[in-house]
Amino acid sequence: MVAYAYATTLYVAAQAARLPSSLQPQAVAAVFFTSAACTVALAVLLALLRLRPPWWCACAVCEAYVTASWAAEFDNLCDWYAHLLRRAPGRTVHVHVLGNVLTANPPTVDHMLRGRFDNYPKGAPFSAILADFLGRGIFNVDGDSWLFQRKLAAAELASPALRCFAAGVVASELRCRLIPLLYSAAGDGDSSGDRLLDLQDVFRRFAFDCICRISFGLDPGCLELSLPMSAFADAFDTASMLSARRATAPMHVLWKLKRLLNVGEERELRDAIRLVDTLAAEVIRQRRKLGTAASGDDLLSRFMGSINDDKYLRDIVVSFMLAGRDTVASALTAFFLLLSDHPDVATAIRDEVSRVAGDDDRDGHAAASSEKLKDMHYVHAALHECMRLFPPVQFDSKFAAGDDMLPDGTFVARGTRVTYHAYAMGRMESVWGPDCAEFRPDRWLHDGRFVPESPYRYPVFQGGVRVCIGRELAIMEMKSVIVSVVQSFDIEAVGRSSHRPKFAPGLTATFAGGVPVRVRRRARARVSELRRPPR
């Protein structure tokens, strides 16, 4: 490399000597520039050699990851990881090229999220990956910033007034938007030419409307945007996908260099984030325009009362959009995909709704109250069973603040990324028994009542200090959708199955290509409409 740099410099100097004297100053500058560039390149190369590039690892796992040879047998990277973890004696695998320890061992998850919580923060490397998208939002920070956002949000989400308000918002969105949309898609229920819906897209729109009204006090229809809402939704999805891809790069210097040069996926990410910023800024502007008189109790108003920094508010808005839209939409999409393959579960849900809802079910779509939703144990079990197999967030990573020894005997050096893999854990015989691959809601029921599992066996909502503060709200929203939709419609997935899912890259589980479905009105719902008195 040194010889090449020296030879290049001599060549440029010789060519410069042949130029007219008027051009020689520029040529001399070119010589110095070329020499400096070659020197920098040499320094970078030597630094990389000292760091031992990860492709030097010759173990079978790293070779399969770098060459993507795992794709010959598995449809998704998460399925390959689950395969590796099932075979590992301690249910823990080290992917050296990523500097990542993966685990599906419940005692290790307990160790990370509770026992040694202080040693496993999100960490600066993780925050750097998502900083452009999530900034200083609650999912991307540690310490005082995380604690401040958590305390403020937790106090609001625990408020009976907000829970009542949220239930009303969800009921309104169901009654005025989601159910009419499904009725329209179903037509008269007898035609073989019923149009297809992308259920994943439908649930994303529904969840986005709900989170905007509950968290920001706004109906998305009031936003004055320069582009259609779909453009901003696409930008949100792109930003999520490309941010997640950063974490899969064997060397983070690669995406950082692309970001510096503004090329490739990093340029696409920057453009997407620019649109996300526009959407967040409009949410904040509109909230200020409405003032506290309209609805001063929503989450955004609470944060605006304590924060004057619009960039910080932007990060909070984007984080709540991610949590309220993507996770709920992911779980609901997976649920109805599973239901399409298991009509017996749909029948059991309808039986329970009819039994529990009583008079609320007279119209055939059970506008059940929050209290009656809580009594629907089978619905609760079916939803948790769905998220066991298809967790909305398939894995979560922390970075070790100091050296540590995991319960399975794995040594973790300071700075190592440690990931618990909820998707893999749901497919572990050692955790869930020999029928772990089956969709069986009954596994959560004892004497007909739902019995929760340890959050360290079932870390879908995390556990310990960082357990999801929006869990109860999300479950209420999802159960409301399930009860209303299952009572009135049969939803059939077209060309897709829960047995061989194909995921797209992203921060939450997203089905690649969407989930096209055919919606059919149930006969009972049509009869009840005929009996309904005219208005």
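Residues numbered from 1 in each chain as written. Predicted model: local features only at pLDDT ≥ 70, side-chain atom pairs only at ≥ 80, totals over all residues. Heavy atoms only, no water.

With an unreviewed UniProt entry as reference, the protein chain is termed Cytochrome P450, source organism Sorghum bicolor. Recorded in UniProt under Cofactor (unreviewed entry), the annotation for the protein chain is "heme". (UniProt positions renumbered as here; feature names shortened; annotations may be inferred.)

(A) Highlighting the overall build of the protein chain. Scanning the protein chain for helices and strands turns up 21 helices and 13 strands. Considering the protein chain as a whole, with its 535 residues, one finds that 50% of them fall into the buried category. Summarising the internal contacts of the protein chain: among those between residues at least 6 apart in sequence, 73% fall at separations of at least 24. Just so you have it, the protein chain exposes about 24,600 Å², and 58% of that area is on carbon and sulfur atoms. (Helix = DSSP H or I, 4+ residues; strand = E, 2+ residues; numbered from the N terminus. Buried < 20%, exposed > 50% of the residue type's maximum accessible area, 1.4 Å probe, protein only. Contact = heavy atoms within 4.5 Å. Areas by Shrake-Rupley, 256 points an atom, 1.4 Å probe, with all protein chains shown as cover.)

(B) Region of the structure containing the UniProt feature "binding site: heme" (unreviewed entry) in the protein chain. The feature "binding site: heme" (unreviewed entry), as annotated in UniProt, sits at C468 in this numbering. As for its placement among the helices and strands, C468 is situated in the loop between β9 (449-450) and α20 (471-488). Given a relative accessible area of 34%, C468 falls into the partly exposed group.

(C) Examining empty space enclosed by the protein more closely. The tally for this structure, following the rule as stated, stands at 1 cavity of 30 Å³ or more. Approximately 40 Å³ is the volume attributed to the largest cavity. Forming the boundary of the largest cavity are R388, A422, M425, G426, W432, R457, Y458, P459 and V460. Of the residues that constitute the lining of the largest cavity, the class distribution is 6 nonpolar, 1 polar and 2 charged. (1 Å grid on protein atoms, 1.4 Å probe; cavity = no way out; pocket = protein on both sides within 12 Å on 5 of 7 lines; lining within 4 Å. Points joined across faces, edges and corners; volume = space filled by probe spheres on them. Nonpolar A, V, L, I, M, F, W, Y, C, P; charged D, E, K, R; others polar.)

(D) Representation of the pattern of salt bridges in the model. One pass over the full model with this rule turns up 35 salt bridges. The partner of R246 in a salt bridge is E266, with the nearest N and O atoms 2.7 Å apart. On the criterion of sequence distance, the pair formed by R246 in helix α10 (residues 229-246) and E266 in helix α12 (residues 264-295) is long-range, its members being 20 residues apart. Across the pair, E266 and R246 agree in class, each one buried. (Salt bridge = Lys/Arg side-chain N within 4 Å of Asp/Glu carboxyl O.)

(E) Region of interest: the packing of aromatic side chains. Taken as a whole, this structure holds 17 aromatic pairs when the rule is applied. Taking 5.4 Å as the distance between ring centres and 70° as the angle between the ring planes, the aromatic pair formed by F133 and F236 counts as edge-to-face. In this pair, F133 is assigned in helix α6 (residues 124-134) and F236 in helix α10, connecting sequence segments 103 residues apart. F236 shares its class with F133; the two are buried. Site record: aromatic cluster; members linked through ring pairs are F390, Y423, F503 and F511. The ring of Y312 is capped by R136, whose NZ or CZ atom sits 4.4 Å from the centre of that ring. The ring of W432 has R388 lying over it, and the distance from NZ or CZ to the ring centre is 5.3 Å. (Phe/Tyr/Trp six-rings, centres within 6.5 Å; stacked < 30°, edge-to-face > 60°. Lys NZ or Arg CZ within 6 Å of the ring centre and 35° of its normal.)

(F) The arrangement of the pairing of strand β10 (residues 489-493) in detail. A one-sided burial pattern is seen for β10, the buried positions being F489, I491 and A493 and the unburied ones D490 and E492. By the bridge criterion, 5 bridges tie β10 to strand β13 (residues 516-521) in an arrangement that is antiparallel. From the neighbouring strand, F489 faces β13, where its bridge partner is R521. (Pairing = 2+ DSSP bridges.)

(G) Quick look at the side chain of H111. Relative to the helices and strands, H111 resides in helix α5 (residues 106-115). H111 gets classed as buried once you look at its relative accessible area, which sits at 16%. Ignoring anything within four residues of it in the chain, the contact list for H111 reads R116, F117, Y120, D404, M405, L406 and P407.

(H) Structural view of the sheet that holds strand β3 (residues 196-198). Reading across the sheet, the 3 strands line up as β3-β13-β10 and stay open at both edges, with antiparallel pairing between neighbours. Among the strands making up the open sheet, the edge pair consists of β3 and β10. Each neighbouring strand pair of the sheet contributes to a mean axis angle of 40°, computed without reference to strand direction. Strands β3, β10 and β13 of the sheet are contacted by helix α8 (residues 160-186), whose axis makes an angle of about 90° with β13. The sheet strands contacting α20 are β10 and β13, and the helix crosses β10 at an angle near 95°. (Axes fitted to C-alpha atoms, helices over the stretch in contact; angles between N-to-C directions.)

(I) Quick peek at the nonpolar core. The biggest cluster of nonpolar side chains holds 152 residues, and the ones touching the most others in it are F336 and I349. Looking at which element gives the most residues to this core, the answer is helix α14 (residues 310-341), with 18 residues. Those residues in contact with I349 that lie beyond four places of it in its chain are F335, L339, Y378, V379, A382, I482 and V486. (Core = buried A, V, L, I, M, F, W, Y, C linked by side-chain atoms within 4.5 Å.)

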